[in-house]
Amino acid sequence: AQSVTQLGSHVSVSEGALVLLRCNYSSSVPPYLFWYVQYPNQGLQLLLKYTSAATLVKGINGFEAEFKKSETSFHLTKPSAHMSDAAEYFCAVEIQGAQKLVFGQGTRLTINP
Amino acid sequence: KAGVTQTPRYLIKTRGQQVTLSCSPISGHRSVSWYQQTPGQGLQFLFEYFSETQRNKGNFPGRFSGRQFSNSRSEMNVSTLELGDSALYLCASGQGDRGTGELFFGEGSRLTVL
């Protein structure tokens, strides 16, 4: 069965510091992986996706993620955090053969001034 | 291009009642999925409809049902509401092609059951 695990339900960084949000996946087949962001009282917005092309994926708002098959990881990074990055971030894997996503538990990112 | 529209945004019901939530997908999208979001369980898949047919279903009791109309709009219904049904219900639309996975989410309908 395909699943994702996000390490750390809360991450706090200073403005201007590196953001690193961790995601590990479990899949017996090459996965499609996604990062979504959710701002308060809003739905989910796609940040970036990996669909077996380049292993380093660039997304919106300066975020990027690297697919590492050997580590079964798809960590999300941003070199310099902005206050506007404060939100909840979800890693997700697409179930093979279905347009259905399985989400991690989410990581709440707080930015300290 | 208009996004995914969900109505109502907020609603309060009492135990035992039933509720219907509506979702209008992005124009041209034929797939509509529903997810339940709660603090304890996170985001859980309810079901997906494609061209008026339920294509996938999550592990929810039969009180949760849905349908899709010929214009791709979708509704979900929860009967005999329980306190634990309080949640944010998110609708997502997609082109329906398996293997692409990109979904576009609405802002959700927040249901409170008293």
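Residues numbered from 1 in each chain as written. Chains lettered and ligands numbered in written order. Predicted model: local features only at pLDDT ≥ 70, side-chain atom pairs only at ≥ 80, totals over all residues. Heavy atoms only, no water.

**Side note on the environment of Gly104 of chain A**
Residue and element names in this part refer to chain A. Mapped onto the elements of the fold, Gly104 is located in the loop between strand 10 (101-103) and strand 11 (107-112). You can call Gly104 buried: its relative accessible area is 2%. When the C-alpha atoms of Gly104 and Ala1 are compared, they prove to be 14 Å apart, with 103 residues separating the residues in sequence. (Helix = DSSP H or I, 4+ residues; strand = E, 2+ residues; numbered from the N terminus. Buried < 20%, exposed > 50% of the residue type's maximum accessible area, 1.4 Å probe, protein only.)

**Here's the deal with the sheet that holds strand 1 (residues 3-7) of chain A**
Residue and element names in this part refer to chain A. Taken together, five strands build an open sheet; the order of strands is 1-3-8-7-6 and the sheet is antiparallel. Of all strands in the sheet, those with a lone pairing partner are strand 1 and strand 6 (56-58), marking the two edges. The mean angle between the axes of side-by-side strands here comes to 20°, regardless of whether they run parallel or antiparallel. By the bridge criterion, four bridges tie strand 3 (residues 19-26) to strand 8 (residues 73-78) in an arrangement that is antiparallel. Bridging across to strand 8, Leu21 finds its partner in Leu76. (Pairing = 2+ DSSP bridges. Axes fitted to C-alpha atoms, helices over the stretch in contact; angles between N-to-C directions.)

**Details of the pairing of strand 4 (residues 33-38) of chain A**
All names here are of chain A. Buried residues dominate strand 4, accounting for six of its six residues. Taking every second residue as pointing to the same face, both faces of strand 4 are buried, with Leu33, Trp35 and Val37 on one and Phe34, Tyr36 and Gln38 on the other. One ladder, built from six bridges, connects strand 4 with strand 5 (residues 44-50); its direction is antiparallel. Looking across to strand 5, one finds that Gln38 is bridged to Leu44. The turn joining strand 4 and strand 5, which pair antiparallel and follow one another in sequence, is formed by five residues; a positive phi near 60° is taken by Asn41. Where strand 4 meets strand 9 (residues 87-94), six bridges bridge the pair, whose relative direction is antiparallel. Along strand 9, the bridge assignment pairs Phe34 with Ala92.

**Thoughts on the nonpolar core**
Counting 27 residues, the largest nonpolar core has Trp35, Leu48, Phe74, Leu76 and Tyr89 of chain A as the members making the most contacts within it. Counting residues per element, the ones that place at least two in this core are strand 2 (10-14), strand 3, strand 4, strand 5, strand 7 (64-68), strand 8, strand 9 and strand 11 of chain A. Not counting chain neighbours up to four residues away, the residues in contact with Phe74 of chain A comprise Cys23, Leu33, Phe34, Trp35, Leu48, Tyr50, Val57, Ala65, Glu66 and Phe67 of chain A. Listed in part, the 21 residues of the second largest apolar core include Val19, Leu81, Cys91 and Leu111 of chain B. (Core = buried A, V, L, I, M, F, W, Y, C linked by side-chain atoms within 4.5 Å. Contact = heavy atoms within 4.5 Å.)

**Observations concerning the state of the cysteines**
Residues and elements named next belong to chain B. Considering all chains together, one arrives at two disulfides over all chains under this definition. Each sulfur of the disulfide joining Cys23 and Cys91 lies 1.8 Å from the other. Between Cys23 and Cys91 the disulfide shows an S-S torsion of about -60°. By sign, it is left-handed. You can see Cys23 sitting in strand 3 (residues 19-24) and its partner Cys91 sitting in strand 9 (residues 87-94), a full 68 residues away along the chain. For the pair formed by Cys23 and Cys91, the shared burial category is buried. (Disulfide = S-S within 2.5 Å.)

**Details of the interface of chain B and chain A**
Frequently, the measure chosen for interface size is the accessible area removed from exposure when the parts meet. Contacts between chain B and chain A engage 30 residues on the former and 20 residues on the latter. Regarding the contact of chain B and chain A, the summed buried area is about 1900 Å², with carbon and sulfur atoms giving 49% of it. The tally of links between chain B and chain A comes to one salt bridge. Between Lys49 of chain A and Glu102 of chain B there is a salt bridge, and its shortest N-O distance comes to 2.8 Å. Along the contact surface separating chain B from chain A lie five residue pairs in polar contact (both at pLDDT 80 or more). Of all the secondary-structure elements, those providing two or more residues to the side of chain B that touches chain A are strand 4 (31-38), strand 5 (42-50), strand 6 (53-57) and strand 9 of chain B. (Buried area = accessible area lost by both parts, 1.4 Å probe. Salt bridge = Lys/Arg side-chain N within 4 Å of Asp/Glu carboxyl O. Polar contact = N/O pair within 3.5 Å; in protein donor to acceptor, adjacent residues only side chain to side chain.)

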